[in-house]
Amino acid sequence: MKEKNPWHTPVTIIITVIGVIAIVALVTVAVLQNRPLPQKYKYGIVLDAGSSHTALYIYEWPAEKDNNTGRVEQTYSCKVKGPGISSYASAPLKAGESLSVCMQEAKQRVPGRRHSQTPLYLGATAGMRLLNSENSSASDKVFQAVEEALQKFPFSFQGARILSGQEEGAFGWITVNYLDDRLKQGLETKGALDLGGASTQISFVSDNYDGSESPDNAVTFRLYGNDYNLYTHSFLCYGKDQALRMTLAQQTQSGPGTINDPCFHPGYTESRNYSVLYDSPCVSDRKPQGPPANFTHIGTGDFQQCQEVVKRIFNSTHCKYSQCSFNGVFQPLLQGPFGAFSAYYFVMNFLNLTDTSIPLEAVREKLGHYCATPWNQLKQQHPKVKLKYLSEYCFSGTYILTLLTEVYNFTSENYPNIKFIREIKGSDAGWTLGYMLNLTNMIPAEAPDSPPLPHAGYVSIVTVIAILLLVLFILSLRPLWPLCSKRPQIV
Ligand SMILES: Nc1nc2c(ncn2[C@@H]2O[C@H](COP(=O)(O)OP(=O)(O)OP(=O)(O)O)[C@@H](O)[C@H]2O)c(=O)[nH]1
């Protein structure tokens, strides 16, 4: 008689089939449930209303990562045609109109279904700070016009306001360190050096600064579980355009008809209007009495003399703190790497001086050579560069070098710690990203929970467990094995 194979009993077959189905179902559900969803994005728009011009930035981040950050990226930037909004004090409506081309572009770039949830911010910096201090009603009218213009767009407009110098410095520092992934990882931070048209900011963390000396320069943050005591200062009127006005004011104090300016190239001659030059709160109190309407601005192209003229706009005679940069402003010991952006980058990039491993002496020599280049020769060499920019690079380069080495006290040892940067990982260095991250609460105070397993890791673990279960299941049927392996006996 043929002995029945115990594997062929209906109960065993049913149990085996159910077990296999259960395991397959378990793996399938795990894989499907944890499959990465098609990415959905959110957007934010920030308008940087600077003294020299306005720029629009669009940022994008995966929708489900709101609170986890690390992934916000600039996807688009648009330079508004014309001057900064503070220049429209006498025709405020034009300030609003000037934004429309970039805003229309933003409307195209942000998907329509996201328009109403996309926050739109406008932050104004030193140009509006100066206008507000000089004529607050004119500044209010400019803001009113700008707000009315922005409200016409389908975004979620969150208001237009002037950033304080401290905010501008601190948000620039956040941007640089966020993009460098230094905050999330709790790494040593990078200082931020920002040179605008009307103000300049220096922000860094120093071990010898805890905010007790000169508390006005302190900003404290808790980001991703780490505490930071940031030193920051914004020098109003020390952006490169206003600094140029101040050096010209130094040289025209007695109201001459002609000035020989070492910061401009030999052969450069321009007629300038006294009223236009002194039409800024940075210099208006120094306007000479009864000057002629115009003066002739003649370049002599001498870097060393230019540096002497530039140095005169920094007052280092008084300091009530342990140490100061200038104008009696406290500055702790410089520490760590620095990112220098905005005009620092534009100017040093044009001058081919972004490589900070070049010894300072060689940088001075190069600048000396550049400043001495005749104006006509320079125009021929750079036919496509805006004449205003081209004429000012000698002054701007000298100003930057003087500010960094004579005022902030960078030396040959720590000058190489500076990196001149325009952008980091595709996002412009500047205050706008830090501002948006802050207003949208995208940088948590505490470190986010450790991330779950990556998808592939999760699937592998589930598969291994399923295989183990299958093996265990087979082993559990072991009592049937001897029967199964016994050769059927024929009686
Ligand atoms: N060479 C060059 N200079 C530029 C460029 N864009 C802006 N600048 C100049 O660089 C300086 C700083 O520009 P921004 O960083 O836009 O400064 P801003 O926001 O207008 O000024 P603040 O309100 O003081 O922050 C200004 O003098 C601008 O005229 C550029 O593409 N090339």
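Residues numbered from 1 in each chain as written. Predicted model: local features only at pLDDT ≥ 70, side-chain atom pairs only at ≥ 80, totals over all residues.

## Things to note about the pairing of strand β9 (residues 226-236)
Piece 1. Note that strand β7 (residues 199-205) and β9 share seven bridges and pair antiparallel. When the sheet's bridge partners are listed, Val205 is paired in β9 with Leu230.
Piece 2. With six bridges connecting them, strand β8 (residues 218-223) and β9 associate as antiparallel partners. Looking at β9, one finds that Ala218 is bridged to Tyr231.
Piece 3. Following β8, the chain reverses through two residues before pairing antiparallel with β9; Tyr224 in that reversal takes a positive phi of roughly 50 degrees. (Pairing = 2+ DSSP bridges. Helix = DSSP H or I, 4+ residues; strand = E, 2+ residues; numbered from the N terminus.)

## Observations regarding the UniProt feature "active site" (unreviewed entry) in the protein
Piece 1. Mapped onto this numbering, the UniProt entry gives "active site" (unreviewed entry) at Glu168.
Piece 2. In this fold, Glu168 is placed in helix α6 (residues 165-179).
Piece 3. Among all residues touching Glu168, those that are not within four sequence positions of it are Thr125, Leu163, Gln201, Ser234 and Trp431. (UniProt positions renumbered as here; feature names shortened; annotations may be inferred. Contact = placed C-beta atoms within 7 Å.)

## Let's talk about the confidence of the model for the protein
Piece 1. For the protein, mean pLDDT is 92; residues scoring 70 or higher make up 90% of the total.
Piece 2. With a pTM of 0.87, the predicted complex shows an ipTM of 0.98. (pLDDT = per-residue confidence, 0-100.)

## Digging into the sheet that holds β9
Piece 1. Read across the open sheet, the six strands follow the order β8-β9-β7-β6-β13-β14; overall the sheet is mixed. The two strands at the open ends of the sheet, each matched to only one other strand, are β8 and β14 (418-420). With direction set aside, neighbouring strand axes in the sheet form an average angle of 20 degrees.
Piece 2. Inspection of the sheet shows strand β6 (residues 191-195) paired to strand β13 (residues 338-342) by five bridges, in the parallel sense. By the bridge assignment, Ala192 is partnered in β13 with Gly339.
Piece 3. On top of the sheet, helix α10 (residues 343-350) reaches β6, β13 and β14; it is set at about 85 degrees to β13, its chief contact. (Axes fitted to C-alpha atoms, helices over the stretch in contact; angles between N-to-C directions.)

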